[in-house]
Amino acid sequence: MLFLVGALLVLGVVLGVVAHVPAHISVVAGLAIALWLALFAARERLFSHRRARRLDHEGGGVR
């Protein structure tokens, strides 16, 4: 429950900031966050494929 209250508090602060800054700054910040998330997802996907391939070559993973 405390986590939910903290999350709502952070959401309120972020939305309050977005409401008071100019629109172009909000758009640039949103695009930067989207790019960061896309790069993170691509890196994680690549890493998981490498890990799965390595486990296949080693003979199954769990020993």
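First things first, this report covers the structure right here in the doc. (Residues numbered from 1 in each chain as written. Predicted model: local features only at pLDDT ≥ 70, side-chain atom pairs only at ≥ 80, totals over all residues. Heavy atoms only, no water.)

**Description of the environment of Ser26**
Mapped onto the secondary structure, Ser26 falls in helix H2 (residues 23-58). We classify Ser26 as partly exposed; its relative accessible area is 22%. Beyond its immediate stretch of four places on either side in the chain, Ser26 contacts Val18 and Val21. (Helix = DSSP H or I, 4+ residues; strand = E, 2+ residues; numbered from the N terminus. Buried < 20%, exposed > 50% of the residue type's maximum accessible area, 1.4 Å probe, protein only. Contact = heavy atoms within 4.5 Å.)

**A short note on the pattern of salt bridges**
The tally for this structure, following the rule as stated, stands at one salt bridge. Salt-bridge contacts for Arg43 lead to Glu44; the nearest nitrogen and oxygen are separated by 3.3 Å. (Salt bridge = Lys/Arg side-chain N within 4 Å of Asp/Glu carboxyl O.)

**Focus on the environment of Ala29**
As for its position among the elements, Ala29 is in helix H2. What makes Ala29 partly exposed here is its relative accessible area of 37%. Sequence spacing of Ala29 and Val18 is eleven residues, and the spatial spacing of their C-alpha atoms is 9.6 Å.

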